[in-house]
Amino acid sequence: MRIVREPTILSPDQSRVLLRPFDPGGSQRIASIAARVAVMAEIEVGRVLDEISAEFSTRHHDVRGRFLAHFEEIRQVIGWDEDVSEERRMVAGSYFLAEYSLESAALFNPSMVPHPDQSGVPEGSLRFILSLRATGEGHVSSVTFRTGIIDSGHRIEVYPSTGFLTEPRLVADANHGEDSPDHEVQFPTDLELSQRILFPKTPSQRNGVEDARFVRLFNEHGYCLYYATFTAYDGRAVRPELVETADFLRFRFFSLTGPAARNKGMALFPRKVNGRYAMLSRQDNESIHLMYSSNIQHWTESAVLLQPAFPWELVQVGNCGSPMETETGWLVLSHGVGPMRKYCIGAFLLDLDDPSKVIGRLREPLLQPSQHEREGYVPNVVYSCGGLLHGDRLILPYGIADHATGFATVPLADILAAMEPVQ
């Protein structure tokens, strides 16, 4: 097949830092440190505040405001009364914040969807949103975003990341607190897409929000929302969760329920099939399953759809994002794990009306690690959380060795021609 690897590579950027709460060892330690700040001379308080403001104001938006806001969050632990200068409160707040480098380890496992705003885009081009898994200190993962354009010649341009990084604010909800998997968050409307970070917030996400598979899902009236299934990791257990957005500014997070809502790698179809939501999943750690539900949050049953068959996928198979609708069938990108834990990307085709029927399958990988893609955080891995079709081409963003992100394009006709019929 005529696969073209694009020259664009997105590598981790250690300068992209986020202000996060810093716990030096529990409430007793916090109170002890705050007591030392409380007896600092006022002139020393001013000097310290000026120094840290000068050092960090170019790295974070309204850094003094952040110091003060965090002081209010820990005021009860510190036990200070109201008769404390604003400068001292800012300094106290700064001792319990730290910079977190979101991408210090990796920037990988992308998914790509059309941008909700296509205004001003030249004919034949497409503006897109790219979601990426950013992994930093402690192997904690979050979701970061980029935007760019695919032109009429299928050339891919990813716009540079800009500005300070910002977490969204929690939208008040009387029924769901900040620790609930079911919650809503909102970014400021003037924030560039690359500045928006979905960092773990709930106990189930404590150690990571991993491998978001975004898809634009249309309802029967032609209205669309964007959904992403992702893996929430609390340090010991994984669970699939769901996030919904219309504009990538306001996000609603949901827990997934039911006996079939388990394990990793769930991916929604971009529309209902025969009146029900459809989802791919991996229930048994080695095969791809198909599920249906009338409730997007609740999944009860699954059936095996595809099992390992070829040497490059005998350890396990799974999806590499949501199915893509073509005139011939649902095109699904898959991953396969073979000898030496080598990950490759494959593809198969499902019947449009009955996706339980596999009508074609690639015998050989669509993409496998090239010689210069083998080294990284996890060697010998190429992996994707979702590509898209642009005209007659598949646009495939993919993770490289669990470290960086690359892009490939391939004619759709080449993929379909290489499909072997499945009886």
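Nothing here was measured: the structure is a model prediction, and the numbers come from that model.

J.: Before we go on, may I ask you to explain the overall build of the protein in this structure?
T.: When you go through the protein residue by residue, the secondary structure sums to 5 helices and 28 strands. Here the C-alpha radius of gyration of the protein, 23 Å, is about what a compact globule of 423 residues would show, namely 22 Å. Expressed along its principal axes, the backbone C-alpha trace of the protein runs to roughly 80 × 45 × 45 Å. Long-range contacts, defined as pairs at least 24 residues apart, comprise 59% of the intrachain contacts of the protein with a sequence gap of at least 6. When the accessible surface of the protein is totalled, it reaches about 18,800 Å², and 49% of it is carbon and sulfur. Between the averaged position of the 40 positive side-chain charges in the protein and that of its 54 negative side-chain charges there is a distance of 4 Å.

J.: Can you walk me through the pairing of strand 6 (residues 141-150) in this structure?
T.: Working note: regular strand, side chains alternate between the two faces of the sheet. For strand 6, a buried count of 10 out of 10 residues is recorded, marking the element as mostly surrounded by other parts of the structure. Every second residue of strand 6 is oriented toward a common face, with S141, V143, F145, T147 and I149 on one face and S142, T144, R146, G148 and I150 on the other, all of them buried. With 10 bridges connecting them, strand 5 (residues 126-135) and strand 6 associate as antiparallel partners. Each bridged residue has a counterpart across the sheet, and for L132 the counterpart in strand 6 is T144.

J.: Mind showing me how you'd approach the state of the cysteines here?
T.: Linking two cysteines covalently through their sulfur atoms gives a disulfide. Scanning the model with the defined rule gives 0 disulfides in all. Take C385: it sits in no disulfide, and the sulfur closest to it among the cysteines is that of C320, at 7.2 Å. We classify C385 as buried; its relative accessible area is 0%.

J.: I would appreciate a short explanation of the packing of aromatic side chains in the present structure.
T.: The way to describe two aromatic rings as a pair is by their centre distance and the angle between their planes. Per the counting criterion, the structure on display carries 12 aromatic pairs. An angle of 35 degrees between the planes, with centres 5.5 Å apart, marks the rings of F214 and F248 as tilted. Taken together, the positions of F214 in strand 11 (residues 208-218) and F248 in the loop between strand 13 (238-245) and strand 14 (250-255) put the pair 34 residues apart, joining distant regions of the chain. A single burial state applies to F214 and to F248, both of which are buried. Between the aromatic rings of Y343 and Y383, the centroid separation amounts to 6.3 Å while the plane-to-plane angle is 65 degrees, which identifies the pairing as edge-to-face. Taken together, the residues Y343 in strand 22 (residues 343-350) and Y383 in strand 24 (residues 382-383) connect sequence positions 40 residues apart. A network of ring pairs unites the aromatic residues F145, F187, F214, Y226, F248 and F251 as a single cluster. Here the basic side chain of K272 rests over the ring of Y277, its NZ or CZ set 4.8 Å away from the ring centre.

J.: Any chance you could explain the sheet that holds strand 16 (residues 277-281) here in plain terms?
T.: Sheet strands pair via backbone hydrogen bonds, and the direction of the pair is either parallel or antiparallel. Taken in spatial order, the 4 strands line up as 15-16-17-18 in an open sheet, and their pairing is antiparallel. A single partner strand is all that each edge strand has here, and the edge strands are strand 15 (267-268) and strand 18 (303-306).

J.: Mind showing me how you'd approach the packing of helix 2 (residues 42-56) against helix 3 (residues 63-78) here?
T.: Describing two packed helices takes the angle between their axes plus the distance from one axis to the other. Viewed as axis vectors pointing N to C, helix 2 and helix 3 meet at an angle of 120 degrees, and their least axial separation amounts to 9 Å. In terms of their interaxial angle, helix 2 and helix 3 are classed as oblique. For the pair formed by helix 2 and helix 3, the contact residues are L49, D50, I52, S53 and F56 on the first element and V63, R64 and F67 on the second. Taken together, the residues of the contact of helix 2 with helix 3 sort by class into 5 nonpolar, 1 polar and 2 charged.

J.: Hey, could you run me through the environment of T257 in this one?
T.: By the element assignment, T257 lies in the loop between strand 14 and strand 15. Along the chain, T257 and M1 lie 256 residues apart, while their C-alpha atoms are 41 Å from each other. Excluding residues within four positions of it along the chain, T257 makes contact with Q297, H298 and W299.

J.: Explain the pattern of salt bridges to me, please; I cannot follow it from the model alone.
T.: Oppositely charged side chains are able to pair whenever their charged atoms sit close together. Under the criterion given, the structure shown has 23 salt bridges. Between E99 and R59 there is a salt bridge; the shortest N-O distance is 2.7 Å. Placement of the pair is E99 in strand 3 (residues 97-101) and R59 in the loop between helix 2 and helix 3, with a sequence separation of 40 residues. A salt bridge links E241 to R239; the shortest N-O distance between them is 3.2 Å. For E241, a relative accessible area of 0% gives the class buried. Take R239: its relative accessible area is 30%, and that puts it in the partly exposed class. What you see here is one network of salt bridges that share partners, running through R16, E103 and R146.

J.: Would you mind showing me how to read the side chain of S125 here?
T.: One can find S125 in the loop between strand 4 (106-114) and strand 5. When neighbours within four sequence positions are excluded, S125 is seen to be in contact with I149, I150, D151, S152 and H390.

J.: Would you take a moment to explain helix 3 for this structure?
T.: An α-helical segment advances 3.6 residues per turn. Residues three or four places apart therefore align on the same side. The end-to-end C-alpha distance of helix 3, which contains 16 residues, comes to 21 Å, matching closely the 22 Å that a straight helix rising 1.5 Å per residue would cover. The principal kink in helix 3, of about 40 degrees, is found at E72. Within helix 3 the residues assigned to the buried category are V63, F67, L68, H70, F71, I74, R75 and I78. Buried residues in helix 3 make contact with strand 2 (17-21), helix 1 (27-38), helix 2, helix 4 (86-94) and strand 3. Count one or two residues on from helix 3 and you reach G79, which has phi positive near 85 degrees.

Rules behind the numbers
- Residues numbered from 1 in each chain as written.
- Predicted model: local features only at pLDDT ≥ 70, side-chain atom pairs only at ≥ 80, totals over all residues.
- Heavy atoms only, no water.
- Helix = DSSP H or I, 4+ residues; strand = E, 2+ residues; numbered from the N terminus.
- Rg over C-alpha atoms; globule rule 2.2 N^0.38 Å.
- Contact = heavy atoms within 4.5 Å.
- Areas by Shrake-Rupley, 256 points an atom, 1.4 Å probe, with all protein chains shown as cover.
- Lys, Arg positive; Asp, Glu negative; His and termini not counted.
- Charge placed at Lys NZ, Arg CZ, Asp CG, Glu CD.
- Buried < 20%, exposed > 50% of the residue type's maximum accessible area, 1.4 Å probe, protein only.
- Pairing = 2+ DSSP bridges.
- Disulfide = S-S within 2.5 Å.
- Phe/Tyr/Trp six-rings, centres within 6.5 Å; stacked < 30°, edge-to-face > 60°.
- Lys NZ or Arg CZ within 6 Å of the ring centre and 35° of its normal.
- Axes fitted to C-alpha atoms, helices over the stretch in contact; angles between N-to-C directions.
- Parallel < 35°, antiparallel > 145°, perpendicular 65-115°, else oblique.
- Nonpolar A, V, L, I, M, F, W, Y, C, P; charged D, E, K, R; others polar.
- Salt bridge = Lys/Arg side-chain N within 4 Å of Asp/Glu carboxyl O.
- Expected span 1.5 Å × (residues − 1).
- Bend = angle between axes of the 7 residues up to and from the residue.

Structural measurements only, silent on function.
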